[in-house]
Amino acid sequence: MNRGTDDNRTNKIQYDAIVVDDSKFFRTVIAGYLSEHGFRVHTASCGAEALELARSRRPDVILLDVQMPDMDGFAVCEALKADPVTGRIPVIFVTGEEKTDQTVRGFEVGGADYVFKSSAEQEVVARTLAHARIARLQMELLKASRQAGMAEVASDVLHNVGNVLNSVNVSASVVADKLRKSRVSGLVNAAKLMREHADDLGTFVTQDEKGKNLPGYLAKLAEHLVAEQTSVLNELEGLTKNVEHINSIVSKQQSYAGTLGVIEPISIGDLLDDALKINSASLQRHGVRVVREYGEVPPVLADKHKVLRILVNLVRNAKHALYEREHNGRNLRLTLRIGARKDSRTQGHCGTGVSPVSSPAGRRCHSERVFIEVADDGVGIPRENMTRIFSHGFTTEKSGHGLGLHTSTLAAKEMGGSLTAHSDGPDKGATFTLELPIQPAEVSQ
Ligand SMILES: Nc1ncnc2c1ncn2[C@@H]1O[C@H](COP(=O)(O)OP(=O)(O)OP(=O)(O)O)[C@@H](O)[C@H]1O
Ligand SMILES: [Mg+2]
């Protein structure tokens, strides 16, 4: 017995095999070889039985006789490969004759290997074991990569929800602070004064020094309360957007489990404004001047929340880059630009130049792309970090995770777009450009 192939028996891993042969003799012989070496073996005497057994048992490997009545081995193999449940199971053909055209046909229909009925026990076992091992490893790799993908999605979700929760906190405390300092108490005092003079209100407001000031005071107070109400409403609007965004991030994660995100026409200008709103409380607090240079662009067909997450990340990064320079007493400026340009990979198909977005014939040109620039005059990026900033975990922030740009680049690529950075170096600010196709690749074809 070949000790090199014996580890299936002594190993903790037990492989499952199905032996398919219409001849009881060969079925028993081959099944015997395999069980002798620790395989758990099931047998089938025809193609139909083999297909049913493969579906229910999902073995690590199948040994399949070529010549069988009704359905021959090649037809069985084709059926196995066409079924997603059994398609990954390696099939080893077992044949009585050494014919090249048969061997070739076997590989053509998806077979993994060949053994001959005359092959020595060791060879049959060694080949079967090798394929069973590879199949098992492939399954494990697949499982591991799915888990890694899930972990990445989870950390992406936590990261994004964490960002938005910060803004929710800030907005909530701004609202609470405004209400605490509200001038409503002035109204209470005025009402009290009027009640005290209820019997002689006319004389009070015309003759009394305090009373004479009352109408003017009430007018000013009304103005102030209206302004106060507007700013609280604005803050609450931001808060609602934040909560909506959290909602979308969470449902997005659920959608990863099955369906894809919704592809819909989105207005990039509105979406960029939403990203600003999500960050607005702290931008205002730090006195950042926001300059919006929005060019006319058509709606982009994309997953709205995927794009919003990228924009929120970019605005948030710009904000941090600006705050680090705040101490220098400079004016902080964030510039947001939107425009359209031709996709350099398809130039020549749709006329020339950067804009406009319609082709000369007036037909919309699908290869054109929309770009969104988020430019700050913050701390800038040293040359040696220009590519590192996109890698998973790279951060220079005390409380950063180094996930924002990494996940944003992946999302941009998934949508057929790109995310690039430009900076002239430390203290020279930075510009991040997100480019998206106007139509997703599969729609524009
Ligand atoms: N606008 C910018 N100006 C200067 N440096 C930037 C800018 N945007 C990103 N960076 C650099 O890139 C790094 C990575 O950014 P990224 O968004 O991936 O992670 P992070 O902001 O550090 O943490 P988080 O995962 O919380 O977003 C930042 O730490 C910073 O050094
Ligand atoms: Mg970030």
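Because the structure is a prediction, the values reported are computed rather than measured.

Turning our attention to the overall build of the protein chain. Helix and strand counts for the protein chain stand at 13 helices and 12 strands. Considering the protein chain as a whole, with its 445 residues, one finds that 31% of them fall into the buried category. Of the contacts formed within the protein chain by residues at least 6 apart in sequence, a portion of 73% connects residues at least 24 apart.

Before going further, it helps to spend a moment on the sheet that holds strand S5 (residues 113-116). Read from one edge of the open sheet, 5 strands run S2-S1-S3-S4-S5, paired in parallel fashion. Each edge of the open sheet is held by one strand with a lone partner, namely strand S2 (40-44) and S5. Here the strands of the sheet are splayed against their neighbours by 20° on average, with no regard to which way each runs. In terms of strand pairing, strand S1 (residues 16-20) meets strand S3 (residues 61-65) through 4 bridges, oriented parallel. The residue of S3 that forms the bridge with valine 20 is leucine 64. Contacting S1, S2 and S3, helix H3 (residues 47-57) runs over the sheet at an angle of about 175° to S1.

Here we come to the site of ligand 1. Around ligand 1 sit 23 residues in total, of which Asn317, Ala321, Thr395, Gly400 and Gly404 are the nearest. Counting residues per element, the ones that place at least two in the shell around ligand 1 are helix H11 (304-323) and helix H12 (404-414). Residue classes in the shell around ligand 1 are distributed as 9 nonpolar, 12 polar and 2 charged.

A word on the packing of helix H10 (residues 268-285) against H11. Interaxial distance between H10 and H11 falls to 9 Å at its minimum, and their mutual angle equals 35°. In the packing of H10 onto H11, the handedness of the crossing is right-handed. Together, Leu271, Leu272, Asp274, Ala275, Leu276, Ile278, Asn279, Ser282 and Leu283 of H10 and Lys304, Val307, Leu308, Leu311, Val312, Val315, Arg316 and Lys319 of H11 make up the contact between the two elements. When grouped by side-chain class, the residues that make up the contact of H10 with H11 number 11 nonpolar, 2 polar and 4 charged.

Looking now at the environment of leucine 308. Position of leucine 308 relative to the elements: it lies in helix H11. Put simply, leucine 308 and histidine 245 are 63 residues apart on the chain and 8.6 Å apart in space, counted from C-alpha to C-alpha. Setting aside chain neighbours within four positions, we find leucine 308 in contact with His245, Leu271, Asp274 and Ala275.

Leu311, Val370 and Leu434 are the most contacted members of the largest nonpolar core, which has 44 residues in total. Elements with a minimum of two residues in this core: helix H6 (121-180), H10, strand S8 (300-303), H11, strand S9 (333-342), strand S10 (368-376), H12 and strand S12 (430-437). Sort the elements by how many residues they give to this core and H11 lands first, with 10 residues. Of the residues that make up this core, three or more belong to each of domain 2 (156-256) and domain 3 (260-444). Those residues in contact with leucine 434, other than ones at most four positions away along the chain, are Ile310, Leu314, Phe371, Ile372, Ala412, Gly417 and Leu419. By size, the runner-up hydrophobic cluster in this structure holds 31 residues, among which are Val19, Ala50, Ile62 and Leu129.

This brings us to the pairing of S10. Of all 9 residues in S10, 8 are buried, a share of seventy percent or more. Across 8 bridges, the pairing between S10 and S12 is antiparallel. Among the inter-strand pairings, alanine 375 is bridged to a residue of S12, identified as threonine 431.

In space, the 5 strands of this open sheet follow the order S7-S9-S10-S12-S11, with mixed pairing throughout. Strand pairing shows two members of the sheet lacking a second neighbour, strand S7 (289-294) and strand S11 (418-422), which therefore form its edges. Each neighbouring strand pair of the sheet contributes to a mean axis angle of 15°, computed without reference to strand direction. As paired strands, S7 and S9 are joined by 6 bridges and run parallel to one another. Looking at S9, one finds that arginine 289 is bridged to arginine 333. Contacts from H11 reach S9, S10, S11 and S12, with the element oriented near 25° to S10. Contacts from H12 reach S11 and S12, with the element oriented near 135° to S11.

With that out of the way, let us pick up H3. Every buried residue of H3 is listed here: Gly47, Ala50 and Ala54. The buried side chains of H3 occupy one side of the element, clustering within an arc of 55° when seen end-on. Facing away from the buried surface of H3 by more than 90 degrees, the exposed residues are Glu52, Arg55 and Ser56. On its buried face, H3 is in contact with S1, S2, S3 and helix H4 (73-82). Taken from the residues just after H3, arginine 58 is the one with a positive phi, measuring 40°.

This brings us to the pairing of S12. Sheet topology places S11 next to S12; 5 bridges connect them, and they run antiparallel. If you follow histidine 422 over to S12, its bridge partner there is threonine 431.

Across the interface, H3 lies against H4 with an axial gap of 10 Å and an inter-helix angle of 25°. Relative to H4, the element H3 is oriented roughly parallel. Between H3 and H4 the crossing geometry is right-handed. For the pair H3 and H4, the contacting residues are Gly47, Ala50, Leu51 and Ala54 in the first and Ala75, Val76, Ala79 and Leu80 in the second.

A few words on the confidence of the model for the protein chain. Per-residue confidence for the protein chain averages 83 on the pLDDT scale, and 85% of its residues sit at or above 70. With pLDDT under 50 throughout, residues 256-260 is counted as low confidence; its partners more than four residues away or in other chains account for 2 contacts.

Another point: helix H7 (residues 184-196). Between its terminal C-alpha atoms H7 stretches 19 Å, which fits the 18 Å expected from 13 residues at 1.5 Å a residue. Among the 13 residues of H7, 0 are classified as buried, and the element is accordingly described as predominantly exposed.

So, how was this worked out
- Residues numbered from 1 in each chain as written.
- Chains lettered and ligands numbered in written order.
- Predicted model: local features only at pLDDT ≥ 70, side-chain atom pairs only at ≥ 80, totals over all residues.
- Helix = DSSP H or I, 4+ residues; strand = E, 2+ residues; numbered from the N terminus.
- Buried ≥ 20, exposed ≤ 12 C-beta atoms within 10 Å, placed from the backbone.
- Contact = placed C-beta atoms within 7 Å.
- Pairing = 2+ DSSP bridges.
- Axes fitted to C-alpha atoms, helices over the stretch in contact; angles between N-to-C directions.
- Near = placed C-beta within 6 Å.
- Nonpolar A, V, L, I, M, F, W, Y, C, P; charged D, E, K, R; others polar.
- Left-handed = near helix turned anticlockwise from the far one by under 90°.
- Core = buried A, V, L, I, M, F, W, Y, C linked by C-beta atoms within 7 Å.
- Domains from an automatic or database assignment.
- Arc of directions from axis to C-beta.
- Parallel < 35°, antiparallel > 145°, perpendicular 65-115°, else oblique.
- pLDDT = per-residue confidence, 0-100.
- Expected span 1.5 Å × (residues − 1).

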